[in-house]
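What follows is the residue order along each chain.
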Amino acid sequence: MSETRTVDVVITGRVQGVGYRVWTQHQAQLHGLTGHVRNRDDGAVIATFSGPADAIGAMLKACEAGPRGARVDAVAVTEQPGSETFPDFEIRGA
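Residues numbered from 1 in each chain as written. Predicted model: local features only at pLDDT ≥ 70, side-chain atom pairs only at ≥ 80, totals over all residues. Heavy atoms only, no water.

**Considering the pattern of salt bridges**
A side chain with one charge can pair with a side chain of the opposite charge if their charged atoms come near.
Point 1. Summed over the entire model, instances satisfying the criterion amount to four salt bridges.
Point 2. The partner of Arg71 in a salt bridge is Asp73, with the nearest N and O atoms 3.0 Å apart.
Point 3. In this structure, the salt-bridge partner of Arg92 is Glu90, at a minimum N-O distance of 2.7 Å. (Salt bridge = Lys/Arg side-chain N within 4 Å of Asp/Glu carboxyl O.)

Laid out in structure tokens, this is it:
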């Protein structure tokens, strides 16, 4: 069984206005992850994923491609100490 990880992720490129947050929520749910995603004022998308390490790895790989219409330039990952728990995966903000 895989250990639990929590990571903060900043995705840059053309990631707003292309359905990236909805796509992220769907992908996170498919991978059994909890957390949240939101747009940032600078045009990036920021997400927090929590769950099994192997599922986090798969999600990060998916984030590098993103949904159709997105252009991902970079995915920056910051490990969080411990493993925060969330009730589900939600879209935050506008």
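**Some words on the sheet that holds strand S4 (residues 71-79)**
Point 1. Judged by pairing direction, the sheet is mixed, and its five strands sit side by side in the order S4-S1-S3-S2-S5 without closing on themselves. Both edges of this open sheet fall to S4 and strand S5 (89-91), since each of them pairs with a single strand only. Averaged over all neighbouring strand pairs, the angle between strand axes comes to 20°, with direction disregarded.
Point 2. The pairing of strand S2 (residues 34-39) with strand S3 (residues 45-52) spans six bridges and is classified as antiparallel. When the bridges of S3 are listed, His36 appears paired with Thr48.
Point 3. Sheet strands in contact with helix H1 (residues 20-30) are strand S1 (4-14), S2, S3, S4 and S5, and its direction is about 175° off that of S5.
Point 4. Contacting S1, S3 and S4, helix H2 (residues 53-65) crosses the sheet at an angle of about 155° to S3. (Pairing = 2+ DSSP bridges. Helix = DSSP H or I, 4+ residues; strand = E, 2+ residues; numbered from the N terminus. Axes fitted to C-alpha atoms, helices over the stretch in contact; angles between N-to-C directions. Contact = heavy atoms within 4.5 Å.)

**Concerning the nonpolar core**
Point 1. The biggest cluster of nonpolar side chains holds 21 residues, and the ones touching the most others in it are Ile11, Tyr20, Leu33 and Phe49.
Point 2. At the level of elements, S1, H1, S3 and H2 are the ones that each hand at least two residues to this core.
Point 3. When residues in this core are grouped by element, the largest group, six residues, is from H2.
Point 4. Each residue touching Ile11, except ones within four places of it in the same chain, is listed here: Tyr20, Ala44, Val45, Cys63, Val72, Ala74 and Val75. (Core = buried A, V, L, I, M, F, W, Y, C linked by side-chain atoms within 4.5 Å. Buried < 20%, exposed > 50% of the residue type's maximum accessible area, 1.4 Å probe, protein only.)

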